[in-house]
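Below, each chain spelled out in residue letters.
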Amino acid sequence: MDRLWSYHRPASVRNVLEDLRLERDIAYTTVMTVMDKLHTKGLLRRKQVGRAYIYEAVATKEAYTAELMRNTLASSGNQAATLVHFLERLTPQEAAALDAALKVCPPRSRA
């Protein structure tokens with residue numbers, strides 16, 4: 001996923017393979033299997049171009065990460081306690097990012 005997110009464009013298995021081979025030896029079938037599984041899980045979409053598939057991420061890395069965070073919070077036994085533990089561990093930079101995000105998207109008012 002990180003490779004596809006870094007490209008900011010659709011890519012073939014061969015594109016990803018060539019990129020990965022700059023760092024390590026890896027088989028075409030390994031990359032193809034992983035990308036197919038990511039497609040099956042709904043993380044990648046694909047379209048056929050000739051005999052190959054071109055893949056692209058369904059969501060941005062930020063949107064995917066936000067969904068993971070939301071699912072984790074939803075599955076916690078005590079959301080308030082989970083949030084307190086999370087906030088206690090924020091670095092100053094993370095706290096500033098949270099503050100900036102809350103200015104862009106303030107919490108919904110209670111009805």
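Everything below is about the structure shown above.
(A) Highlighting the packing of helix α2 (residues 13–20) against helix α3 (residues 28–40). Closest axis-to-axis distance for the α2/α3 pair is 9 Å, and the angle between their directions is 125°. Between α2 and α3, the interaxial angle falls into the category oblique. The two elements α2 and α3 meet at a crossing, and its hand is right-handed. Side by side, α2 and α3 meet where Val13, Arg14, Val16, Leu17 and Leu20 of the first sit next to Tyr28, Val31, Met32 and Met35 of the second. Here the contact of α2 with α3 is composed, by residue class, of eight nonpolar, no polar and one charged.

(B) Representation of the sheet that holds strand β3 (residues 52–57) within the structure. Taken in spatial order, the three strands of this open sheet run β1-β3-β2, and their pairing is antiparallel. The sheet terminates laterally at β1 (11–12) and β2 (44–49), the two strands that pair on one side only. Alignment of β2 against β3, held across six bridges, turns out to be antiparallel. When the bridges of β3 are listed, arginine 46 appears paired with tyrosine 55. Across the sheet, α3 lies against β1, β2 and β3, angled at about 115° from β2, the strand it touches most.

(C) Main features of the nonpolar core. Counting 15 residues, the largest nonpolar core has Leu4, Val16, Val31, Met35, Leu44 and Tyr55 as the members making the most contacts within it. Those elements that place two or more of their residues in this core are α1 (2–7), α2, α3 and β3. Discounting residues that sit within four places of it in the chain, methionine 35 has contacts with Leu4, Ala11, Ser12, Val13, Val16, Leu44 and Tyr55.

(D) Structural detail: the environment of tyrosine 64. On the secondary structure map, tyrosine 64 appears in helix α4 (residues 61–75). With relative accessibility at 29%, the residue tyrosine 64 sits in the partly exposed group. Spatially, the C-alpha atoms of tyrosine 64 and leucine 43 are 8.8 Å apart, while their sequence positions differ by 21 residues. In this structure, tyrosine 64 is in contact with Trp5, Leu43 and Ala59, ignoring residues within four places of it in sequence.

(E) The arrangement of the environment of histidine 8 in detail. Within the fold, histidine 8 resides in the loop between α1 and β1. Relative accessible area serves as the criterion here: at 72%, histidine 8 is assigned to the exposed category. Separated by 49 residues in the primary sequence, histidine 8 and alanine 57 have C-alpha atoms spaced 8.8 Å apart.

(F) Seen up close, the packing of aromatic side chains. Tallied over the full model, the rule gives two aromatic pairs. When the centroid spacing of 5.7 Å and the interplanar angle of 40° are considered together, the rings of tryptophan 5 and tyrosine 64 count as tilted. Residue tryptophan 5 is located in helix α1, and its partner tyrosine 64 is located in helix α4; the two are separated by 59 residues in the primary sequence. Here tryptophan 5 falls in the buried class, since its relative accessible area comes to 13%. When the ring centre of tyrosine 7 is taken as reference, the NZ or CZ atom of arginine 9 above it lies at 5.1 Å. Positioned above the aromatic ring of tyrosine 53, the side-chain terminus of arginine 46 is 4.0 Å from the ring centre.

What counts and how
- Residues numbered from 1 in each chain as written.
- Predicted model: local features only at pLDDT ≥ 70, side-chain atom pairs only at ≥ 80, totals over all residues.
- Heavy atoms only, no water.
- Axes fitted to C-alpha atoms, helices over the stretch in contact; angles between N-to-C directions.
- Helix = DSSP H or I, 4+ residues; strand = E, 2+ residues; numbered from the N terminus.
- Parallel < 35°, antiparallel > 145°, perpendicular 65-115°, else oblique.
- Left-handed = near helix turned anticlockwise from the far one by under 90°.
- Contact = heavy atoms within 4.5 Å.
- Nonpolar A, V, L, I, M, F, W, Y, C, P; charged D, E, K, R; others polar.
- Pairing = 2+ DSSP bridges.
- Core = buried A, V, L, I, M, F, W, Y, C linked by side-chain atoms within 4.5 Å.
- Buried < 20%, exposed > 50% of the residue type's maximum accessible area, 1.4 Å probe, protein only.
- Phe/Tyr/Trp six-rings, centres within 6.5 Å; stacked < 30°, edge-to-face > 60°.
- Lys NZ or Arg CZ within 6 Å of the ring centre and 35° of its normal.

Spatial relationships are all this shows, so hold off on functional conclusions.
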